[in-house]
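Spelled out from the first residue to the last, the chains are:
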Amino acid sequence: MLEVVQIPVLHDNYIYLIHEPNGWATAVIDPAVAEPVLQTLEEKGWKLTHILNTHHHGDHVGGNIELKRKTGCAVVAMARDKERIPGIDIEVSEGDIIGLGHAEAKVLDVPGHTSGHIAFWFAEEYALFCGDTLFGLGCGRLFEGHAKEMWSSLEKIRALPLSTRIYSAHEYTQANGRFALQMEPENQALQQRMEQIAKLRYLGLPTVPSLLEDELATNPFLRPHSPEIRRRLGLSKAADWQVFAEIRHRKDSFT
Ligand code: ZN
Ligand code: FE
């Protein structure tokens, strides 16, 4: 069993530390900053072996160099993005397997937010670390990709087991939910989820990770087939990716 520690940093980022006790491996996903990671490692008595980066943005790689210098760990990231990932040691691409002691993660190529974005899928743990591709009730902005490309990335995630835990890199769920309710106000699962989210946030608790099953039922970006969304957008006959593109477009100007 992997132990996962969630570290909230900056305004709304999450860093994840993953420890595999039998093989003494410890990985950090998307270290925006180094200091809180070093502190948690010390508290736990763990030695950092890997940095796994989902994409090149500063709030995901900012701690790479300092962590590498202080722990001697290896940086694992997308081969296509080797010029933009500080300190990259191991270049990976779609389907590659990363061993962490006795655990392993499969690399999923999920471009759209950036052209080199990847996710780490721990099949035995039903855990997906997806950076800025999928959020609670939302998805990443299309900075370097087209809607069609992002939609096929999201389809890869949609095909994972329903009990998959979605470890996103940001706490955006509640704000995303306000937009989701505008897209699908009659969705009862969404209404209920928004009540749970409000309780969690009131108590200062994270809404991440979420379950893929819940995202499929409530996240408009995974629901372009929804008759209510299609009716609202006047896109009853469009392809799923086109409906997705319109939802993404409207979210970009939603305040
Ligand atoms: Zn990003
Ligand atoms: Fe980010």
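Residues numbered from 1 in each chain as written. Chains lettered and ligands numbered in written order. Predicted model: local features only at pLDDT ≥ 70, side-chain atom pairs only at ≥ 80, totals over all residues. Heavy atoms only, no water.

> Even after reading the chapter, I still don't get empty space enclosed by the protein, so can you show me in this structure?
Over the atoms a probe the size of a water molecule is rolled, and this reveals where empty space is left. Applying the stated criterion to the full structure yields one cavity of 30 Å³ or more. Taken as a whole, the largest cavity holds about 30 Å³ of empty space. Lining the largest cavity we find Tyr-14, Tyr-16, Ile-29, Asp-30, Phe-129, Cys-130, Gly-131, Tyr-167, Ser-168 and Ala-169. Secondary structure elements with two or more residues in the lining of the largest cavity: strand 2 (13-20), strand 10 (127-131) and strand 13 (165-168). The element contributing the most residues to the lining of the largest cavity is strand 10, with three residues. (1 Å grid on protein atoms, 1.4 Å probe; cavity = no way out; pocket = protein on both sides within 12 Å on 5 of 7 lines; lining within 4 Å. Points joined across faces, edges and corners; volume = space filled by probe spheres on them. Helix = DSSP H or I, 4+ residues; strand = E, 2+ residues; numbered from the N terminus.)

> Can you help me understand the packing of helix 4 (residues 147-158) against helix 9 (residues 240-252) in this one?
The packing of two helices is summarised by the inter-axis angle and the distance between the axes. Contact pair helix 4 / helix 9: the axes reach a minimum separation of 9 Å and the direction vectors enclose 110°. Overall, the two elements helix 4 and helix 9 adopt an arrangement that is roughly perpendicular. Residues Ala-147, Lys-148, Met-150, Trp-151 and Leu-154 of helix 4 form the contact with helix 9, whose participating residues are Asp-240, Trp-241, Phe-244 and Ala-245. Across the contact of helix 4 with helix 9, the residue classes tally to seven nonpolar, no polar and two charged. (Axes fitted to C-alpha atoms, helices over the stretch in contact; angles between N-to-C directions. Parallel < 35°, antiparallel > 145°, perpendicular 65-115°, else oblique. Contact = heavy atoms within 4.5 Å. Nonpolar A, V, L, I, M, F, W, Y, C, P; charged D, E, K, R; others polar.)

> Would you mind showing me how to read the pattern of salt bridges here?
Charged atoms that come close allow side chains of opposite charge to pair. Here the structure, examined in full by the defined rule, presents 15 salt bridges. The closest approach of N and O atoms between Glu-144 and Arg-84, which form a salt bridge, is 2.9 Å. Taken together, the residues Glu-144 in the loop between strand 12 (138-139) and helix 4 and Arg-84 in the loop between strand 5 (74-78) and strand 6 (90-92) connect sequence positions 60 residues apart. With a relative accessible area of 33%, Arg-84 lands in the partly exposed category. Salt-bridge contacts for Glu-228 lead to Arg-232; the nearest nitrogen and oxygen are separated by 3.5 Å. With Glu-228 and Arg-232 both in helix 8 (residues 227-233) and four residues apart, the pair spans about one turn of that helix. Relative accessible area serves as the criterion here: at 39%, Arg-232 is assigned to the partly exposed category. Through salt bridges with shared partners, one network takes in Asp-81, Arg-84 and Glu-144. (Salt bridge = Lys/Arg side-chain N within 4 Å of Asp/Glu carboxyl O. Buried < 20%, exposed > 50% of the residue type's maximum accessible area, 1.4 Å probe, protein only.)

> I'm lost on the environment of Val-28 in this one. Help?
Inspection of the secondary structure puts Val-28 in strand 3 (residues 25-29). Note: C-alpha distance between Val-28 and Val-5 (23 residues apart in sequence) is 9.4 Å. Those residues in contact with Val-28 that sit more than four places away from it in its chain are Ile-15, Tyr-16, Leu-17, Val-37, Leu-48, His-50, Ile-51, Leu-52 and Leu-67.

> Please clarify how the sheet that holds strand 5 should be interpreted in this entry.
Working definition: the strands of a sheet are paired by backbone hydrogen bonds and lie parallel or antiparallel to each other. With respect to topology, six strands assemble into an open sheet ordered 1-2-3-4-5-6, the strand pairing being mixed. Across the chains shown, the open sheet's two edge strands, defined by having one partner strand only, are strand 1 (3-9) and strand 6. Strand-to-strand twist in this sheet, taken as the mean axis angle between neighbours without regard to direction, amounts to 20°. Judged from the five bridges that link them, strand 2 and strand 3 form a sheet pairing that is antiparallel. Looking at strand 3, one finds that His-19 is bridged to Thr-26. (Pairing = 2+ DSSP bridges.)

> What's the story with the sheet that holds strand 13 in this structure? I'm lost.
A sheet is described by the order of its strands in space; here six strands give the open sequence 7-8-9-10-13-14, paired in mixed fashion. Sheet topology places strand 7 (97-100) and strand 14 (210-211) at the edges, where each strand pairs with a single neighbour. Note: strand 9 (residues 118-122) against strand 10, three bridges, orientation antiparallel. The residue bridging Phe-120 from the neighbouring strand is Phe-129, located in strand 10.

> Sorry, what's going on with the coordination of the iron ion (ligand 2) here?
Each donor-metal-donor angle in an ideal tetrahedron of four donors is 109.5 degrees, and each such angle in an ideal octahedron of six donors is either 90 or 180 degrees. Distances from the iron ion (ligand 2) to its protein donors, Asp-59 (OD), His-60 (NE2), Asp-132 (OD) and His-170 (NE2), fall within 2.1 to 2.4 Å. Bound by four donor atoms, the iron ion (ligand 2) shows angles of 84 to 165° at the metal and therefore irregular coordination geometry. Binding-site remark: the iron ion (ligand 2) is held by donors from one chain whose sequence spacing is D-H-x71-D-x37-H. Between the iron ion (ligand 2) and the zinc ion (ligand 1), the interatomic distance is 3.3 Å, and Asp-132 donates to each metal, bridging them. Here the residue Asp-59 occupies a position in helix 2 (residues 58-61), and Asp-132 occupies one in the loop between strand 10 and strand 11 (134-135), the gap between them amounting to 73 residues. (Donors = N, O, S within 2.8 Å, 3.2 Å for Na, K, Ca; no water. Tetrahedral: all angles 85-135°; square planar, octahedral: opposite > 155°, others 65-115°.)

> Help me out: how do you make sense of the coordination of the zinc ion (ligand 1) in this one?
Taken together, the protein donors to the zinc ion (ligand 1) comprise His-55 (NE2), His-57 (ND1), His-113 (NE2) and Asp-132 (OD), at separations of 2.2 to 2.3 Å. Bound by four donor atoms, the zinc ion (ligand 1) shows angles of 87 to 173° at the metal and therefore irregular coordination geometry.

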